[in-house]
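Chain residues, written in single-letter form:
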Amino acid sequence: MEARYSIVFYFLMLLALSSAFAFPSKKQYKPCKHLVLYFHDIIYNGKNAGNATSAIVAAPDGANLTILAGQFHFGNVAVFDDPITLDNNLHSKPVGRAQGLYIYDTKNTFTSWLGFTFVLNSTDHQGTINFFGVDLIMVKSRDISVVGGTGNLFMHHGIATIMTDAFEGEVYFRLCVDIKFYECW
Amino acid sequence: MEARYSIVFYFLMLLALSSAFAFPSKKQYKPCKHLVLYFHDIIYNGKNAGNATSAIVAAPDGANLTILAGQFHFGNVAVFDDPITLDNNLHSKPVGRAQGLYIYDTKNTFTSWLGFTFVLNSTDHQGTINFFGVDLIMVKSRDISVVGGTGNLFMHHGIATIMTDAFEGEVYFRLCVDIKFYECW
Amino acid sequence: MEARYSIVFYFLMLLALSSAFAFPSKKQYKPCKHLVLYFHDIIYNGKNAGNATSAIVAAPDGANLTILAGQFHFGNVAVFDDPITLDNNLHSKPVGRAQGLYIYDTKNTFTSWLGFTFVLNSTDHQGTINFFGVDLIMVKSRDISVVGGTGNLFMHHGIATIMTDAFEGEVYFRLCVDIKFYECW
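Parameters at a glance
Residues numbered from 1 in each chain as written. Chains lettered and ligands numbered in written order. Predicted model: local features only at pLDDT ≥ 70, side-chain atom pairs only at ≥ 80, totals over all residues. Heavy atoms only, no water. Salt bridge = Lys/Arg side-chain N within 4 Å of Asp/Glu carboxyl O. Buried < 20%, exposed > 50% of the residue type's maximum accessible area, 1.4 Å probe, protein only. Least-squares fit on C-alpha atoms with pLDDT ≥ 70 in both. Contact = heavy atoms within 4.5 Å. Disulfide = S-S within 2.5 Å. Helix = DSSP H or I, 4+ residues; strand = E, 2+ residues; numbered from the N terminus. Polar contact = N/O pair within 3.5 Å; in protein donor to acceptor, adjacent residues only side chain to side chain. Nonpolar A, V, L, I, M, F, W, Y, C, P; charged D, E, K, R; others polar.

Trainee: Looking at this structure, I do not really get the pattern of salt bridges. What am I missing?
Mentor: Pairing is possible between side chains of opposite charge, provided their charged atoms come close. Residues and elements named next belong to chain A. Tallied over the entire structure, the rule returns 9 salt bridges over all chains. Across the salt bridge formed by D165 and R174, the nearest N and O atoms sit 2.7 Å from each other. The class of D165 is partly exposed, set by a relative accessible area of 32%. The buried category is assigned to R174, whose relative accessible area is 12%.

Trainee: Please clarify how the relation of the copies chain C and chain B should be interpreted in this entry.
Mentor: Two copies of the chain are present, and they differ by a rotation about an axis and a shift along that axis. Once turned by 120° and shifted 0.0 Å along the axis, chain C lies on chain B with an RMSD of 0.0 Å. What the rotation and shift describe, once combined, is the action of a three-fold rotation axis. Interface overlap between copies is the fraction of interface residues in one copy that are interface residues in the other; for chain C against chain B it is only 13%, indicating separate surfaces.

Trainee: Explain the state of the cysteines to me, please; I cannot follow it from the model alone.
Mentor: Disulfide: a covalent bond connecting the sulfur atoms of a pair of cysteines. Residue and element names in this part refer to chain A. The tally for this structure, following the rule as stated, stands at 3 disulfides over all chains. Covalent S-S linkage joins C32 and C184, the inter-sulfur distance amounting to 2.1 Å. Note on the C32 and C184 pair: the S-S dihedral is about 90°, so by sign convention the disulfide is right-handed. With C32 in the loop between helix 1 (2-17) and strand 1 (33-42) and C184 in the segment after strand 9 (172-183), this pair connects stretches of sequence that are 152 residues apart.

Trainee: Sorry, what's going on with the interface of chain B and chain A here?
Mentor: For an interface, size is often stated in terms of accessible area lost upon the parts coming together. Between chain B and chain A, the contact holds 39 residues from the first and 33 residues from the second. Across the contact surface, chain B and chain A share 0 salt bridges. If you look at where chain B meets chain A, you find 6 residue pairs in polar contact (both at pLDDT 80 or more). Contributions of two or more residues to the side of chain B that touches chain A are made by strand 2 (54-58), strand 3 (77-85), strand 4 (96-104), strand 5 (112-121), strand 6 (126-135) and strand 7 (141-149) of chain B. With 6 residues, the top contributor of residues to the side of chain B that touches chain A is strand 6 of chain B. Residues that form the side of chain B that touches chain A fall into these classes: 20 nonpolar, 17 polar and 2 charged.

Trainee: I'm lost on the side chain of T111 of chain A in this one. Help?
Mentor: Mapped onto the fold, T111 of chain A is located in the loop between strand 4 (96-104) and strand 5 (112-121). For T111 of chain A, a relative accessible area of 3% corresponds to the buried category. Only 3.2 Å separates the side chain of T111 of chain A from the side chain of T106 of chain A, close enough to count as a polar contact. Not counting chain neighbours up to four residues away, the residues in contact with T111 of chain A comprise I103, Y104, D105, T106, V134, D135, L136 and I137 of chain A together with Q99 of chain B.

Trainee: Please explain the environment of G115 of chain A as it appears in this structure.
Mentor: Residue position: G115 of chain A is located in strand 5. Distance in space between the C-alpha atoms of G115 of chain A and T150 of chain A is 16 Å, their sequence separation being 35 residues. Setting aside its immediate chain neighbours within four residues, G115 of chain A contacts G100, L101 and F131 of chain A together with W113 and F132 of chain C.

Trainee: Would you mind showing me how to read the relation of the copies chain B and chain A here?
Mentor: For these two chains of identical sequence, chain B goes onto chain A by a turn of 120° and a shift of 0.0 Å along the axis, with RMSD 0.0 Å. The fraction of interface residues of chain B whose copies in chain A are also interface residues is only 13%, indicating that the copies meet through different surfaces.

If you want it as structure tokens, here you go:
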């Protein structure tokens, strides 16, 4: 069952990577600030307590907390504290932490609902960015809302375009987050 | 116990339907865009796997995942992927999906905390709308925040007025969402 | 194990209370509205059903719902319905309820991710305020986003500075929330 889903997943993944944007943002507006960051998620599977950066904390009836549920993981809630890096290397020096939750929320495809915060602590940025929206995982690039910022990103609003930069079975994924602020203060 | 709550619920429901607005929005502002949409929720109860559009994924100590908890369901977290329609008919062609979570969060009345997204995919709208707020279920009409939009609702902000359009025991509910955007781009 | 964490916690707490701000907001902007409110959280521990205002509803693998998990409670999700007061007295007349969820989301310090709403019902304020962000618990004062308001706080946006005003073991905490609106309508 799980194996079949995985095969379907990889197939759709390839398809998605060659497809066009789902909901293109209007192009006429120019961001007042622009950041590209990566974050890295290693989910706890019962054996990787040392490395895991996220954990399943809720699951639908009949499922457990160390194996993602069937039906495209519908109903799984994961809490994460993932390192943020400037490039796509998991081992690069983190510039902050991505913290919050993701929820698999569709029965017939991979989709997750995201509520999370970037806590940035680098020479460039000291502050937080708050994100909210649906991650249409199978779409190459998809937009969520930047609902607020603090610190040196005080009151910033905008759009974040998410791209799956790597995906290794049900162990590791890396997202590229292209953040465009349209309201800067 | 459950039965008693249900009776109280229906009674309060009637009361609510005849009552006035809880927190009326200021009337002097005119929306720059206006949408009225419905969404339909069928909660999983252990027997309706085929039809259910939502599932209880977390519950307080002592409760389970196929029966909503006592004490006004306090502590129940449900994940949903509900069809959105233009009218109040569950069987109308969906124009998108409402995805996210609702959390029953009061011990002495029915109230839920909502974090969810409308993923719209129709000829009129290609994009997402992000909602956040408390749903005072027993009040006829109540307001939550529209914290962002993407696609052709890029950077939109506003207020959504929610009304319970139908409620059938603990099996089905339908919400009417009257979305008024006050910041359009 | 739990005891050791508690000692570490109190030590860090003292440290934090004497430290400077984490991410100071820009000082040049003056709020168009300003509110200071307190809310009070009593977590359910299996014995305090009458007084408890919050409950653990999700936990990582191996943990339960009446004791906060080890590793700085990483993965615990709590649903709350807490009284809001104008001063720091739990027994003062509430002016509303703080409703939503907090999620402990770091393995090596105390941090929580917050999504919640103030439902205000007083002579001064009739409406809701929606909050979103990471609460860096060990930092004296930390900022989250105010992502929207309704009622007489219609469409308000801003920043909330959170301070731990009291902390009594794993039974009770009180937060002071200093809300500065920079967009008023």
